[in-house]
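The lines below spell out each chain.
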Amino acid sequence: MVLRMGSPAPSIKVEDWLRGEPLANFQPGKVYIVEFWASWCRPGVAEMLHLMRLQEKYRDSGLEVVAVAANEDAPTAVEARTKLDAWLTEKCSNLNYRIVFDYTGEMNKLWMKPSFSARIPTSFVVDRDGHIAFIGHPAQLDEILPKVLSGSWRTSDKAKAADTERIARSESMAREQALKKPIDDRFWAAVKLEDWKTALWAIEEGIALMPDDINFRLAYAHLLLHKIQDMWTGLPVMRQLVRDAIDKNSEDWMVSALDQLFHPANDHSRLPPAERFAMGKELSEHILALNPPQGDSPKFRSYPAVAWYYHENGNNDRAIELVELALKSLDGSEPIPDELKEHLLPDLLQALAKYRGGKVCYGALCAVPQKKLPEGAKARPRDKST
């Protein structure tokens, strides 16, 4: 049975309530956010801050937030629960909403799979009558939640069209995820063991199955260049990645290719300098043409990567200018959520401090040059879907 807008909300079947009082069932008259997330997910802390703000803002309107940790990464339930509990204590000790832990897969079976939701974070909004009002990314909650609380969302044409579109898109994505899951499982098991050849075999299988999947392509280049360090095989792969990114005119692809060539966490000493900088120059010029400094498009995603290239190429003034533009875009004509800004600011300030060679500040937040990357900034062969 498909879980969609208007469907009765499934139950919450868990034994471990890590934070807050257990919730036996959804109470009539209240609106609930049920959000699936994981501590390893890159925007994890930012999402927690977002949910805290929503809970505080709409508590008097009958909102209750429940975060579901159903995808924690550990060999056993005990280890996963212990790690998550410690993570919560460290990262967000003042939570104002419930958090539940499920290692059995029951919550994913009840909520995620029937709704064709393949990625986290995913938010479900349960309306005052116990039926689903919304399924989607939590970034949409700021716009949609007030309409759900007022009772105007589910009857709107926009809501019906959005849910129909989501179902069609999610069905396709779910089929793709089902094909990728065995490959992902083998890949990440090999990465944990630092068995790079086995990881490479898994990724080669993935590329044969989905040759245009950006994650498989990035993992392939990363393993060859930075783990196995097979330049003979890796350089042609990198050249093709750069060419495809430019041909697609995709900012995401081009930034991801720059990451492989200039991310500070990677060892680039074996790459031929002339070719590395030639690829970096081509990618950087295309990114700046696609998203020019004078344009209104956000700069915080791509400009820091372009700044790495200019910094290493000796044009430090240009690197500083690009990071400053990235910082300025945080307060652009389309302001980004505060929680995303808080997530981005430390890395941007750290880069600016490095390039300027001294202390820099943005409001009350300051940074000084560091020799080592901040904890958590280490480049990985491939990000899990989030």
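Residues numbered from 1 in each chain as written. Predicted model: local features only at pLDDT ≥ 70, side-chain atom pairs only at ≥ 80, totals over all residues. Heavy atoms only, no water.

## Concerning the overall build of the protein chain
Part 1 of the argument: Along the backbone of the protein chain there are 13 helices and 8 strands.
Part 2 of the argument: Taken over C-alpha atoms, the radius of gyration comes to 22 Å for the protein chain, in line with the 21 Å a tight globule of 386 residues would show.
Part 3 of the argument: Viewed in the frame of its principal axes, the protein chain has a C-alpha envelope of about 65 × 45 × 45 Å.
Part 4 of the argument: Here the protein chain holds 386 residues, and 49% of them are scored as buried.
Part 5 of the argument: Look at the contacts in the protein chain between residues 6 or more apart in sequence, and 65% of them connect residues 24 or more apart.
Part 6 of the argument: Accessible surface, the protein chain as shown: approximately 19000 Å² in total, 52% of it carbon and sulfur.
Part 7 of the argument: Separation between the mean location of the 50 positive side-chain charges and that of the 55 negative ones in the protein chain comes to 1 Å. (Helix = DSSP H or I, 4+ residues; strand = E, 2+ residues; numbered from the N terminus. Rg over C-alpha atoms; globule rule 2.2 N^0.38 Å. Buried < 20%, exposed > 50% of the residue type's maximum accessible area, 1.4 Å probe, protein only. Contact = heavy atoms within 4.5 Å. Areas by Shrake-Rupley, 256 points an atom, 1.4 Å probe, with all protein chains shown as cover. Lys, Arg positive; Asp, Glu negative; His and termini not counted. Charge placed at Lys NZ, Arg CZ, Asp CG, Glu CD.)

## Side note on the packing of aromatic side chains
Part 1 of the argument: Within this structure, the stated rule accounts for 12 aromatic pairs.
Part 2 of the argument: Each ring, one from Trp-37 and one from Trp-87, has its centre 5.6 Å from the other, and the planes form 40°; the classification is tilted. Here Trp-37 is found in strand β2 (residues 31–37), whereas its partner Trp-87 is found in helix α2 (residues 77–91), with 50 residues between them in sequence. Take Trp-37 and Trp-87: they sit in the same class, and that class is buried.
Part 3 of the argument: Each residue in the set Phe-26, Tyr-32, Phe-36, Trp-111 and Phe-124 is aromatic and connected to the rest through ring pairs, giving one cluster. (Phe/Tyr/Trp six-rings, centres within 6.5 Å; stacked < 30°, edge-to-face > 60°.)

## Observations concerning unusual backbone geometry
Part 1 of the argument: The residue after Ile-120, namely Pro-121, is reached through a cis peptide bond having omega 5°.
Part 2 of the argument: With respect to the helices and strands, the residue Pro-121 is situated in the loop between α3 (106–112) and β5 (122–126).
Part 3 of the argument: Positioned with a positive phi, Asn-249 is a non-glycine residue whose angle comes to about 55°.
Part 4 of the argument: Among the structural elements, Asn-249 can be located in the loop between α8 (231–248) and α9 (251–262).
Part 5 of the argument: We classify Asn-249 as partly exposed; its relative accessible area is 42%.

## Here we look at helix α4 (residues 141–150)
Part 1 of the argument: By the burial criterion, the buried members of α4 are Leu-141, Ile-144, Leu-145, Val-148 and Leu-149. Summarising the axial view, the buried residues of α4 lie within an arc of 135°, below the 170-degree limit, and thus occupy one face.
Part 2 of the argument: A positive backbone phi angle near 85° is found at Gly-151, which sits one or two residues after α4. (Arc of directions from axis to C-beta.)

## Digging into the state of the cysteines
Part 1 of the argument: Considering all chains together, one arrives at 1 disulfide under this definition.
Part 2 of the argument: Note on cysteine connectivity: Cys-361 is disulfide-linked to Cys-366, with sulfurs 2.0 Å apart. On the sign convention where negative means left-handed, the S-S torsion of about 105° between Cys-361 and Cys-366 marks this disulfide as right-handed.
Part 3 of the argument: The partly exposed category is assigned to Cys-361, whose relative accessible area is 46%. (Disulfide = S-S within 2.5 Å.)

## A word on the packing of helix α6 (residues 196–209) against helix α7 (residues 214–227)
Part 1 of the argument: Where α6 meets α7, the axes come as close as 9 Å, and the angle between the chain directions of the two elements is 150°. In terms of orientation, α6 lies roughly antiparallel with respect to α7. The two elements α6 and α7 cross, and the hand of that crossing is left-handed. Across the interface between the two elements, Trp-196, Ala-199, Leu-200, Ile-203, Glu-204, Gly-206 and Ile-207 from α6 touch Phe-216, Arg-217, Ala-219, Tyr-220, Leu-223, Leu-224 and Lys-227 from α7.
Part 2 of the argument: Class assignment for the residues of the contact of α6 with α7 results in 10 nonpolar, 1 polar and 3 charged. (Axes fitted to C-alpha atoms, helices over the stretch in contact; angles between N-to-C directions. Parallel < 35°, antiparallel > 145°, perpendicular 65-115°, else oblique. Left-handed = near helix turned anticlockwise from the far one by under 90°. Nonpolar A, V, L, I, M, F, W, Y, C, P; charged D, E, K, R; others polar.)

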